[in-house]
Amino acid sequence: MARGSQETPQSGMNLFLGTVLLLLLLPDVAKGQDSCSALDRGDEHGECCNVMVKQQNPGNSTHILRLSRHCPALWRSESRACACLRERILRLLQSGQHSLLAGLKTLLLNVSRAVTRDVLITFSPTAGPSRLNATEKGKAGKIHLPREIFRSLRSQTVSVVVTVLNIQQLGMFKEVNQTAQVLDNTVVGITVGESSISGLQDPVQLTFAHRQLPHGVTLHCVFWDPSKGQAGGWSSSGCVTQPGDKGTVCSCDHLTFFTLLLNPALDGSTAKALMSVATAGCGVAMAFAIFTIAFCIFIRCRFRFEETVHINLGLHVNLVGSLFLLNLAFLLNSELSGRAHPRTCRVLGGLTHYCLLCCFTWMALEGCQLYLLFVKVLGIYIHHYLAKLCLIGWGFPILVVGVAGVIGSYGEYSIQNMEHQVLDHFQTSSGPLHHQLWLLWPHLPLQHGCLRGGDPEELQLAEHRGSAGTP
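Criteria and cut-off values
- Residues numbered from 1 in each chain as written.
- Predicted model: local features only at pLDDT ≥ 70, side-chain atom pairs only at ≥ 80, totals over all residues.
- Heavy atoms only, no water.
- Helix = DSSP H or I, 4+ residues; strand = E, 2+ residues; numbered from the N terminus.
- Buried < 20%, exposed > 50% of the residue type's maximum accessible area, 1.4 Å probe, protein only.
- Contact = heavy atoms within 4.5 Å.
- Areas by Shrake-Rupley, 256 points an atom, 1.4 Å probe, with all protein chains shown as cover.
- Axes fitted to C-alpha atoms, helices over the stretch in contact; angles between N-to-C directions.
- Left-handed = near helix turned anticlockwise from the far one by under 90°.
- Nonpolar A, V, L, I, M, F, W, Y, C, P; charged D, E, K, R; others polar.
- Parallel < 35°, antiparallel > 145°, perpendicular 65-115°, else oblique.
- Core = buried A, V, L, I, M, F, W, Y, C linked by side-chain atoms within 4.5 Å.
- Pairing = 2+ DSSP bridges.
- Arc of directions from axis to C-beta.
- Phe/Tyr/Trp six-rings, centres within 6.5 Å; stacked < 30°, edge-to-face > 60°.

### Quick look at the overall build of the chain
Okay, step 1: In terms of regular secondary structure, the chain is built from eleven helices and 17 strands.
Okay, step 2: A burial count over the chain gives 44% of its 471 residues as buried.
Okay, step 3: Counted over contacts in the chain with a minimum sequence separation of 6, partners at least 24 positions apart contribute 67%.
Okay, step 4: A total accessible area of about 26,100 Å² is found for the chain, and carbon and sulfur atoms account for 59% of it.

Right under this line is the structure:
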């Protein structure tokens, strides 16, 4: 009894502490564990851009929206205080209550759940958003909200907020190390109701109007993802880009802040410079390969060594010879395939593939030889050892290339962008933009073949035709 009476006050204290801890955690659960609720519990506020960010006090909304102009670090900092400010800015923009701010234009609509037609909205960087009738045809941008969005909501009337932002004036949506340019510095935000909408079967369509773009520029529909990178960034997940002559259509399965990114491609002068460097590098590599082969043959014939040394020198000669043939195949691609027959192009693709496999095979054989010399050591004599190695090093790649040729791996390929849109069709031959396109352009699913054409500008033109929707 005495022991039980001693534990009763301690049990009561534990129960009290557990209740207090639960009460402290309930606000965070209710708020969804956002960055503002993640501020340190010690002082419940932090500092970002010389502003004290408090957990319970959101501060002046207009001052927060204007803060991005004077503090570029707001959209680049990883601190919890800055993350809290970014979340509050996004919520303020989605509320649509600050349309008088320079660089921000807002449209508020009340749409019935029983709407029978899709909601059409037009927007432009200068005029902002406005309601568009189904019969009107404007040259500005357009937003197409399918009526299924409103039918899936519970309330009879839902508010729709469309915001058009000039991010250059507002200083918002700045991604760390961003190289692409935002079209017209315009970002469009769409909010329906108070809940987050994603996974739409009938996607939302945004048409960004623009003139004919210069060569070497690709378009990507993106949205702002607060969870990307250090402090948020642009993402294309769930969005499909459909380029056109007078505008680009973005089809996305969720609602948030969208824009169109312009990604510069490789210009002609840079491509020619890279090709010159690659050609010179291949030439230098071939010269040193010839010198190495001659030096090894001279030592092997001039001096008498034991059989192991002769085998090692033979291995080195075959490995360097495969590297010489690989560089030679690259140079042949550069000089011949631009004006060659498609059959010749396929032969060049197979030859380059064969030389590359020979390099890998002889590297593996060198590793096996090192294992025998330093690990196995004793009992490693093999009759006609070097001849058998040559049969493997030069014969095995023939089997692989033969099978690949029979199944038609060396032929016409479709070059696609990151959204799997076909830019153009090319045969497996190459012009000056050569050296196996898959070595220079890792995002394109092209192997064992090169670009057919006579000038690097043709690749940019073909890519631009694909991105602009021109047949």
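Don't stop here, the text continues.
### Quick word on the packing of helix α8 (residues 342-376) against helix α9 (residues 385-406)
Okay, step 1: Between α8 and α9, whose axes approach to 8 Å, the crossing angle comes to 145°. Taken as a pair, α8 and α9 cross one another with a handedness that is right-handed. Here Gly350, His353, Tyr354, Leu357, Cys358, Thr361, Trp362, Leu365, Gln369 and Leu372 of α8 come into contact with α9, specifically with Tyr385, Leu389, Cys390, Ile392, Gly393, Trp394, Phe396, Pro397, Ile398, Val400 and Val401.
Okay, step 2: The residue inventory of the contact of α8 with α9, partitioned by class, reads 16 nonpolar, five polar and no charged.

### A short note on the packing of helix α7 (residues 307-336) against α8
Okay, step 1: Running from N to C, α7 and α8 cross one another at 160°; their axes reach a closest spacing of 9 Å. Taken together, the axes of α7 and α8 are roughly antiparallel relative to one another. For the pair α7 and α8, the sense of crossing is left-handed.
Okay, step 2: When its residues are assigned to classes, the contact of α7 with α8 shows 20 nonpolar, eight polar and one charged.

### Section: the nonpolar core
Okay, step 1: Among the nonpolar cores identified, the biggest contains 37 residues, and Ile143, Leu145, Phe150, Ile190, Val192 and Leu206 are the most heavily contacted of them.
Okay, step 2: If we ignore the near neighbours within four places in the chain, the residues touching Phe150 are Val111, Ser112, Arg113, Val115, Val119, Leu145, Val158, Val160 and Val192.
Okay, step 3: If you look at the next biggest cluster of nonpolar residues, it comprises 30 residues, including Cys48, Cys49, Cys71 and Ile89.

### Description of the sheet that holds strand β13 (residues 239-242)
Okay, step 1: Strand order in this open sheet of six strands is β5-β4-β6-β10-β14-β13, and the pairing throughout is antiparallel. The sheet is open, and its two edges are formed by β5 (130-131) and β13, each paired on a single side.

### A few points about helix α2 (residues 61-70)
Okay, step 1: Among all positions of α2, only Ile64, Leu65, Leu67 and Ser68 are buried. Buried residues of α2 fall within an arc of 140° about the axis and therefore sit on the same side.

### Examining the packing of aromatic side chains
Okay, step 1: The tally for this structure, following the rule as stated, stands at nine aromatic pairs.
Okay, step 2: Where Phe123 meets Phe208, the ring centres are 5.7 Å apart and the plane angle is 75°; that geometry is what we call edge-to-face. One end of the pair, Phe123, is in strand β4 (residues 119-123); the other, Phe208, is in strand β10 (residues 204-209), and 85 residues separate them in sequence.
Okay, step 3: For Phe123, a relative accessible area of 4% translates into the label buried.
Okay, step 4: Residue Phe208 is classed as buried on the basis of its relative accessible area, which comes to 4%.
Okay, step 5: Considering the side-chain rings of Phe291 and Phe295, the 6.3 Å spacing of their centres and the 15° angle between planes classify their relative orientation as stacked. Taken together, the positions of Phe291 and Phe295, both in helix α6 (residues 268-302) and four residues apart, correspond to about one turn of that helix.
Okay, step 6: Given the relative accessible area of 57%, Phe291 is considered exposed.

As far as function goes, none of this settles anything; it's purely spatial.
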